[in-house]
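# Fold and geometry: a report
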Amino acid sequence: MERWNITKSSDLYSVSEWSGGYFFIAENGDMVVVPEPGATERAVSIAEVARGIRERGFDMPVLLRIENILDAQITSLNETFRSAMAEQGYQGSFMGAYPIKVNQQQQVVEKITQFGSRYHHGLEAGSKAELIAAMGMMHDKKAVLICNGYKDEEFIDLGLYATKMGFTCILVVEMPDELPLIIERSKALNAKPILGIRIKLSAQAGGHWSESGGERSIFGLNTSQLIQAIDLLASAGMLDCLKLVHYHLGSQISNIREIRTAVYEACRVYAGLVKEGASLEYLDLGGGLAVDYDGSQSNFLSSRNYTLKEYCTDIVEAVMTSLETEEIPHPVIVTESGRALVAYYSILLFNILDVTRFHTEPLPLRLPEDCPAPLEYMHQALQDLTIRNIQEVLNDAIFYRDETRRLFQNGQISLRDRSLAEQLFWTTISEINRLAKELKNPNPELTDLDRVLSDFYYCNFSVFQSLPDSWAIGQLFPILPIHRLDEEPTRKGILADITCDCDGKIDQFIDKRGVRRYLPLHELRPYEEYILGVFLVGAYQETLGDLHNMLGDTNVVTISIQDKGEFEFVSEQEGDTVAEVLSYVQYDPKGLFVRFRETAEQAVRSGRISASERREIVAAYEAGLRGYTYFER
Ligand SMILES: *Cc1c(COP(=O)(O)O)cnc(C)c1O
């Protein structure tokens, strides 16, 4: 047999397919990260970073951010649009606006404004709080600050103040009723607003998030509302304020055809509004640029059937061809890409706490004399098993297993017999699974046995807190060990988190063809930590997460990769303590502590514990309050 090697691991986990050029496996079996695609001489071992995190006293789980990746993603989006425009002779320009909701953490937004400044990369705010965050973080007057979402008077006033201060703050009308209020507030504050208008497209995209697009979408104006809006603006003498047309199809649009269709339709509306006298300058296509999480390059939900270059080229081409005949100047193309910008930049790292292995007890050489009939039949079926009667034996095994369970419930067979029946059953299933590998086209019931027979790997994290989309919408993420990749992963595992919820697990994994029902993993080694990484988790996961079982925010560590492939820890944010999480759900940790001390004092008074035991117990309680909510070493 050929020895296992890193090329095999890379292929097994599809690393080069989903890595975006940022991740690969080093000769020593460590997963490594590079600051920009192709910069292999600056590779940093993620396993080594994890050791560094441990040495600094931080516990797993840790969310690891690599700030260079954010920088590189901003560059790649802007440069790819620029070169697509240059190649096709586009007269306008590109401007990005990062939607804060995708990852609102101050550190993230701060870095985006910093790294994005050379491209005047702006921000998109969908609520008052996001606008307030954006106004505090932005300095660049040229970059766009796009205000989407429902707007009350306060929201509108803040936007108008931003415009007065010289920001390119664009108030996007999402609902017909917003416009009269915006006109009124502009007059009252003596401000000349920069307005956008969100349109409803009939084009609709497939996928989880498609509800944002289409004629039945919640947001945006339909054509008759558009005409009313134009008339209203004209009568207020403000038609020249309308500068931008906006739409948002939804997130993770995996099919490029849907993106193109929408651009064509939006351009028709854009041209129509220009004909109506609006002096438009910006065409804002919203988000939707997808991430190829599974590396399949398909229109599967966790993937995309296009490259960034195709995305940019197709958009530029569609805008040019549809506006050409109308002799309308090329607009500034704006996109509000969020997911594609931030997904690659974070990795969730966690350790494995324990494994329950699937294994079958060896069968006795002979069945007992007075063995109940169903056990005899099961035993016979196992002995008769060949590749030709696999399905028949599987059916028999399930039938007789159910039969023995029924007999057990009726008190007709003993506990010992039932245990033997389970043993027979699982041995049969394992044998069937082994044989089924030789079949060319095993049916789904047979392929599913891999999942049925997998081990449980107990993982130190919460799906609900750290990977909410995995739980809520079955989103797939690339998951693999960050070390030992030069060794063959001989086990098949399903991941169980540390919540006590049966939904707190991951049993679907990326695969080149469809979905894999187990994750190839290594045997644990005694006294050695085994760490898995969930990759591409920078978008949406952090703030959609919840406090299920009071498991709080994880530690966050940010590194920056230097010129020679060294790395620096640029920031460490401690995750929630138990006391913090308790206070989120309205407990008063100090009050709890006081009460607990009293309870302990009563125990002393009643002679259950000694005073010095009380001291120890109270100290342990206090340390617990200060501690991390996850499993600590
Ligand atoms: C959520 C959202 C986005 C971000 O979409 P991505 O697919 O993450 O790029 C952009 N614009 C609007 C209006 C949104 O609601």
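This is a predicted model, so every value here is computed, not measured.

So, on to the domain arrangement of the protein. Partitioning the protein into domains gives domain 1 (1-59 + 345-352 + 457-486 + 493-572), domain 2 (67-342), domain 3 (373-450) and domain 4 (579-626). A straight line from the C-alpha centre of domain 3 to that of domain 4 covers 53 Å.

Reading around the barrel, the eight strands line up as 5-6-7-8-9-10-11-12 and close back on themselves, with parallel pairing between neighbours. Across the sheet, the axes of successive neighbouring strands diverge by a mean angle of 25 degrees, strand direction being ignored. With four bridges joining them, strand 7 (residues 144-147) and strand 8 (residues 168-173) adopt parallel strand pairing. Opposite Leu-145, over in strand 8, you have Cys-169 as the bridge partner. Together, strand 8 and strand 9 (194-198) form the strand contacts of helix 8 (residues 178-189), whose direction differs from that of strand 8 by roughly 145 degrees.

Strands sit in the order 1-2-3 across an open sheet of three strands; the sheet is antiparallel. The strands lining the two open edges of the sheet, one partner per strand, are strand 1 (23-25) and strand 3 (44-45). Note that strand 2 (residues 31-33) and strand 3 share two bridges and pair antiparallel. When the sheet's bridge partners are listed, Val-32 is paired in strand 3 with Ser-45.

Right, let's get into a nonpolar patch on the surface. A contiguous nonpolar patch, built from Met-550, Tyr-584, Val-585 and Tyr-587 and spanning about 360 Å² of accessible area, is present on the exposed surface. Relative to the helices and strands, Val-585 is located in the loop between helix 21 (578-584) and helix 22 (589-605).

Contacts to the ligand come from 16 residues, most closely from Lys-101, Ser-251, Glu-336, Gly-338 and Tyr-540. Contact between the ligand and Gly-288: an oxygen atom at 2.8 Å from a main-chain N or O atom of the residue. A distance of 3.0 Å separates an oxygen atom of the ligand from a polar atom in the backbone of Arg-339. Coverage of the ligand by the protein chains reaches 93% of its 390 Å² of free accessible surface. A breakdown of the residues in the shell around the ligand according to their chemical character gives three nonpolar, eight polar and five charged.

This part takes up the packing of aromatic side chains. Summed over the entire model, instances satisfying the criterion amount to 22 aromatic pairs. Seen in terms of ring centroids, Tyr-22 and Tyr-344 are 5.8 Å apart; in terms of plane orientation they differ by 50 degrees. Their pairing is tilted. Within this pair, whereas Tyr-22 is found in the loop between helix 2 (15-18) and strand 1, its partner Tyr-344 is found in the loop between helix 12 (339-342) and strand 13 (346-356), the two being separated by 322 residues in sequence. Each member of the pair Tyr-22 and Tyr-344 is classed as buried.

Where like charges cluster on the molecular surface, the negative patch consists of Asp-553, Glu-572, Glu-574 and Glu-580. Relative to the assigned elements, Glu-574 resides in the loop between strand 23 (567-573) and helix 21.

Moving on, we come to the packing of helix 13 (residues 373-384) against helix 14 (residues 390-409). Packed helices, taken two at a time, are described by the angle between their axes plus the distance between the axes. Close contact between helix 13 and helix 14 brings their axes to 9 Å; oriented N to C, the two are set at 160 degrees. On the basis of their axis angle, the class for helix 13 and helix 14 is roughly antiparallel. Where helix 13 crosses over helix 14, the two elements pack in a sense that is left-handed. When helix 13 is examined against helix 14, the residues Pro-374, Leu-375, Tyr-377, Met-378 and Ala-381 are found in contact with a partner set consisting of Val-393, Asp-396, Ala-397, Tyr-400, Arg-401, Glu-403, Thr-404 and Leu-407. Per-class residue counts for the contact of helix 13 with helix 14 are nine nonpolar, one polar and three charged.

On the UniProt side, "domain: Arginine decarboxylase C-terminal helical" (unreviewed entry) is annotated at positions that read residues 578-631 here. A distance of 12 Å separates the end C-alpha atoms of residues 578-631, which is 74% helix and 0% strand.

Per the stated rule, a full pass over the model turns up 38 salt bridges. Note that Glu-523 and Arg-357 form a salt bridge whose closest N and O atoms lie 2.9 Å from each other. With Glu-523 in the loop between strand 20 (519-521) and strand 21 (531-534) and Arg-357 in the loop between strand 13 and helix 13, this residue pair connects regions lying 166 residues apart in the sequence. Note on Glu-523: relative accessible area 33%, which makes it partly exposed.

A separate point is the pairing of strand 14 (residues 455-459). Along strand 14, the buried face is formed by Asp-455, Tyr-457 and Cys-459; none of Phe-456 and Tyr-458, which line the opposite face, is buried. Of the pairings in the sheet, the one linking strand 13 to strand 14 comprises four bridges and is antiparallel in character. In the sheet register, Thr-356 faces strand 14, and the bridge partner there is Phe-456. Pairing analysis gives four bridges linking strand 14 to strand 16 (residues 491-496), with the strands arranged parallel. Within strand 16, the position partnered with Tyr-458 by the bridge is Ala-496.

This part is about helix 6 (residues 128-137). Turning to helix 6, its buried residues number three or more, namely Glu-130, Leu-131, Ala-134 and Met-137. Projection of helix 6 onto a plane perpendicular to its axis shows the buried side chains occupying an angular sector of 130 degrees, all on one side. In helix 6, those exposed residues whose orientation departs by more than 90 degrees from the buried face are Ala-129 and Gly-136. Looking at the buried positions of helix 6, the neighbouring elements they touch are helix 5 (106-116), strand 6 (122-125), strand 7 and helix 7 (153-164).

Let us now look at the side chain of Asn-433. Tracing the chain through its elements places Asn-433 in helix 15 (residues 415-436). Using a relative accessible area of 9% as the deciding quantity, one classes Asn-433 as buried. A polar contact of 3.3 Å, which involves the side chain of Asn-433, links it to the side chain of Asp-450. Here Asn-433 is in contact with Leu-446, Leu-449, Asp-450 and Leu-453, once residues within four sequence places are set aside.

With that settled, consider unusual backbone geometry. That bond from Met-60 to Pro-61 is cis: its omega, -5 degrees, falls within 30 degrees of zero. With respect to the helices and strands, the residue Pro-61 is situated in the loop between helix 3 (46-55) and strand 4 (62-66). Phi angles above zero are rare outside glycine, and Tyr-540 is one such case at about 70 degrees. Examined against the element boundaries, Tyr-540 turns out to sit in the loop between strand 21 and helix 20 (541-544). A residue is classified by how much of its surface remains accessible, and Tyr-540, at 13% relative accessible area, is buried.

So, how was this worked out
Residues numbered from 1 in each chain as written. Predicted model: local features only at pLDDT ≥ 70, side-chain atom pairs only at ≥ 80, totals over all residues. Heavy atoms only, no water. Domains from an automatic or database assignment. Pairing = 2+ DSSP bridges. Helix = DSSP H or I, 4+ residues; strand = E, 2+ residues; numbered from the N terminus. Axes fitted to C-alpha atoms, helices over the stretch in contact; angles between N-to-C directions. Contact = heavy atoms within 4.5 Å. Patch = residues over 30% accessible without salt bridge, like charges linked within 9 Å, V, L, I, M, F, W, Y side chains within 5 Å. Areas by Shrake-Rupley, 256 points an atom, 1.4 Å probe, with all protein chains shown as cover. Salt bridge = Lys/Arg side-chain N within 4 Å of Asp/Glu carboxyl O. Near = heavy atom within 4 Å. Polar contact = N/O pair within 3.5 Å; in protein donor to acceptor, adjacent residues only side chain to side chain. Nonpolar A, V, L, I, M, F, W, Y, C, P; charged D, E, K, R; others polar. Phe/Tyr/Trp six-rings, centres within 6.5 Å; stacked < 30°, edge-to-face > 60°. Buried < 20%, exposed > 50% of the residue type's maximum accessible area, 1.4 Å probe, protein only. Lys, Arg positive; Asp, Glu negative; His and termini not counted. Charge placed at Lys NZ, Arg CZ, Asp CG, Glu CD. Parallel < 35°, antiparallel > 145°, perpendicular 65-115°, else oblique. Left-handed = near helix turned anticlockwise from the far one by under 90°. UniProt positions renumbered as here; feature names shortened; annotations may be inferred. Arc of directions from axis to C-beta.

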